[in-house]
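So you can see what is in the structure, the chains are spelled out below.
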Amino acid sequence: MLEQLLIFTRGGLILWTCKELGNALKGSPIDTLIRSCLLEERSGAASYDYTAPGAAYTLKWTFHNELGLVFVAVYQKILHLLYVDDLLSMLKQQFSEIYDPKRTVYNDFDETFRQLRKEAEARAEELKKSKQVGKPVNNSRKQGQVQKAGLGGDKKNNEGGLASDGGDADTMKGHRLENGISNGNHAVTKEPNVVGTANGKENTSSNVGAFDVNKLKSRSKVGKKTEKTTTLDSKGSKAEPKKKITKKNRVWDDSPRESKLDFTDSVGENGDNNIEVLAADHGESMMDKEEDYSSESEAEEEEEVGKESKPDSKKKGWFSSMFQSIAGKANLERSDLEPALKALKDRLMTKNVAEEIAEKLCESVAASLEGKKLGSFTRISSTVQAAMEEALVRILTPRRSIDILRDVHAAKEQRKPYVVVFVGVNGVGKSTNLAKVAYWLQQHQVSVMMAACDTFRSGAVEQLRTHARRLQIPIFEKGYEKDPAVVAKEAIQEATHNGSDVVLVDTAGRMQDNEPLMRALSKLIYINSPDLVLFVGEALVGNDAVDQLSKFNQKLADLSPSPSPRLIDGILLTKFDTIDDKVGAALSMVYISGAPVMFVGCGQSYTDLKKLNVKSIVKTLLK
């Protein structure tokens, strides 16, 4: 049974709701659908599942892109209503005929809805009955065929005849059976020795007890052949014994030895003076520099587009191309969009966007363009690219404010430190980029304390201690083999006592599938309630970005004892200077988690930390 059905514009104006249903929905499924699915370019999905305390709904929708209308149906998740898709398509067709942009009330549509609903339910019942009638007939025929196949096989064995699977007749039978299964439920096969196969695999679940001797014979013949070949290979190997490969000694050249191999700073009074000089010479952080995306690149792109458009105009006839550009094309169909979307998907994947994300984006863009009328003097490819550009900007633009300095001052007024926890997989650069963030905060007269909570990896505490010494920042450490959650809690207490504004918590790198370490991380976040959880990820990853972030969030949610667990709040992308134009990891991570990219690491020094330039990323992805 439907819980709710409504029609609204893309601007959010509700035009009609079903008064007959009028069920009070628990939670806010419509708002959640708009916020986390339609606005996040996930509208290409078939349905959306919404769960709230005491309720679980499934939402389905369709668009009328030319009129800018959205049709949404809500029903209980436990139910499988077959008529919803059919009902939505009929509603879309009927409502578009009476729609008037100046009109806001459609009370007379209730009677039309009742008729459409009865018609859709009747179709679904007929379809269900036809499936139920078709299934037993099909099974009984198949069982009869299996028995015949078994008898036929026995007769052939008694006569001493041999049968093979590789003949033309068997391949024709296989094709007939595959077509019979895929085209409908009333597949009838007349061949006696075919046991239900699809895509070259035996389907023995429906034919229990069926036994094909011919296939067994052919397998035994293949087995004998393989045995012969293996014996021949073994003989050949005996004839030619392998020579042992011995490792050659390394020969060094006669270059003179370096006088000094250890370039680390010496610890002591003189060393401290050198460190102060180094700390003063680091320079201004790139976070505070506004990155200008000059119009030169835009002009170059316009020239390239102009060059590309010239050969296209030569290929088409002069009159047809002129008429189509002036009059515009009729409503866009899926077949018109597919070539442009395929090219766009390939382009995104070459820029290191995960394949799953690129496919979902293209489906969402197709759903937003299907049914729209192509404007005059516009091409389908340029229309698709413009829609994709808007979608990418909307995804990469943060949905909430990410001003850390403002949040730090707000926490300072409450006389408590602002706590940031850095999490991520192994070897992505958490400790190094923690030091970069600390240096940036230092430049804004914010007192920082580091907490060495990576008590797992050898050398982790010493690495953070070196950064703290070079930046003249206090560090809280308890050594190794300690509980990271307890170390973080004591560090926050120490920062509160000393009056530090920010505590930067370094954690051990862990793979997303390592449950003991993920449980320890979930405990650390639950006990200390940090203000910000930053996921540190490499800009080099492609498809693995989806797996890392989705599983990190899933584990944090599953292993937390809190009913409302803390998930990842932001992303810090590292090694951004090594990827050239392969910037797709930023898009994959933001799309899968919904968290914004707050920092971008782009070098080895403390100043090499900057903000994500959304416009630049989008232009690079579509270039």
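Calculation notes
Residues numbered from 1 in each chain as written. Predicted model: local features only at pLDDT ≥ 70, side-chain atom pairs only at ≥ 80, totals over all residues. Heavy atoms only, no water. Core = buried A, V, L, I, M, F, W, Y, C linked by side-chain atoms within 4.5 Å. Buried < 20%, exposed > 50% of the residue type's maximum accessible area, 1.4 Å probe, protein only. Pairing = 2+ DSSP bridges. Helix = DSSP H or I, 4+ residues; strand = E, 2+ residues; numbered from the N terminus. Contact = heavy atoms within 4.5 Å. Axes fitted to C-alpha atoms, helices over the stretch in contact; angles between N-to-C directions. Lys, Arg positive; Asp, Glu negative; His and termini not counted. Salt bridge = Lys/Arg side-chain N within 4 Å of Asp/Glu carboxyl O. Phe/Tyr/Trp six-rings, centres within 6.5 Å; stacked < 30°, edge-to-face > 60°. Lys NZ or Arg CZ within 6 Å of the ring centre and 35° of its normal.

Visitor: Any chance you could explain the nonpolar core here in plain terms?
Guide: Counting residues in hydrophobic clusters, the biggest one holds 109 residues, and the most contacted among them are Val384, Met388, Phe422, Leu441, Met450, Leu504 and Phe599. The next biggest cluster of nonpolar side chains, apart from the first, holds 26 residues, and it includes Leu5, Leu15, Leu21 and Tyr75.

Visitor: Help me out: how do you make sense of the sheet that holds strand S15 (residues 609-610) in this one?
Guide: Within a sheet, adjacent strands bond to each other through the backbone by hydrogen bonds, running parallel or antiparallel. One open sheet holds the eight strands; their spatial order is S10-S9-S11-S8-S12-S13-S14-S15, and the pairing between them is mixed. Two strands lie at the open edges of the sheet, namely strand S10 (475-476) and S15, each paired on one side alone. In the sheet, strand S9 (residues 448-452) pairs with S10 via two bridges, with the strands oriented parallel. Bridging from a neighbouring strand, Met450 pairs with Ile475 of S10. Sitting on the sheet, helix H15 (residues 484-498) is in contact with strand S8 (418-424), S9, S10 and strand S11 (502-506), with an inclination near 160° to S9.

Visitor: How should the side chain of Lys430 be read in this particular structure?
Guide: Considering the arrangement of structural elements, one finds Lys430 in helix H13 (residues 430-443). An unpaired buried charge is present at Lys430: no salt bridge exists, and Asp506, the closest side chain of opposite charge, is 6.0 Å distant. Once residues within four sequence positions are removed from consideration, Lys430 is found in contact with Phe422, Val423, Gly424, Val425, Asp506, Thr507, Ala508, Gly509 and Val536.

Visitor: Help me understand the sheet that holds strand S4 (residues 55-64) in this model?
Guide: Strand order in the open sheet made by the five strands is S2-S1-S5-S4-S3, with antiparallel pairing throughout. The open sheet terminates on both sides in strands that have one partner only, identified here as strand S2 (14-17) and strand S3 (48-52). This sheet shows a mean twist of 25° between the axes of neighbouring strands, independent of strand direction. In this sheet, strand S5 (residues 69-76) lies alongside S4 in antiparallel orientation, the contact comprising eight bridges. Note on S5: the bridge partner recorded for His64 is Leu69. Most of the contacts of helix H1 (residues 29-38) go to S4, to which it runs at about 60°, and overall it touches strand S1 (2-9), S3, S4 and S5.

Visitor: Whenever I open this one, the packing of aromatic side chains confuses me. Can you help?
Guide: Each aromatic ring pair is specified by the distance between its two centres and by the angle formed by the two planes. Applying the stated criterion across every chain yields a total of 10 aromatic pairs. Look at Phe95 and Phe109: their rings are 5.2 Å apart centre to centre, the planes differ by 85°, and that puts the pair in the edge-to-face class. Of this pair, Phe95 sits in helix H2 (residues 84-98) while Phe109 sits in helix H3 (residues 109-159), and the two are 14 residues apart along the sequence. Phe109 carries the same exposure label as Phe95, and that label is buried. Seen from their ring centres, Phe535 and Phe552 are 5.2 Å apart, and the 75° between their planes marks the pair as edge-to-face. A residue pair is termed long-range when its members are at least 10 positions apart, and Phe535 in strand S12 (residues 532-538) and Phe552 in helix H17 (residues 544-559) qualify at 17 residues. Like Phe552, Phe535 is buried. Members of the aromatic cluster, joined through ring pairs, are Trp16, Phe71, Phe95, Tyr99, Tyr106, Phe109 and Phe113. A cation over an aromatic ring shows up here: Arg10 above the ring of Phe63, its NZ or CZ 4.7 Å from the ring centre.

Visitor: Help me understand the pairing of S11 in this model?
Guide: Every regular strand shows the same layout, with side chains that alternate between the two sheet faces. Counting buried positions along S11 yields five of five residues, so the element is predominantly enclosed. Pairing geometry for S8 and S11, over five bridges, is parallel. Considered in S11, the bridge of Tyr418 is made with Val502. When S9 meets S11, the two strands line up parallel, connected through five bridges. Among the inter-strand pairings, Ala452 is bridged to a residue of S11, identified as Asp506.

So yeah, pure geometry; function would need other evidence.
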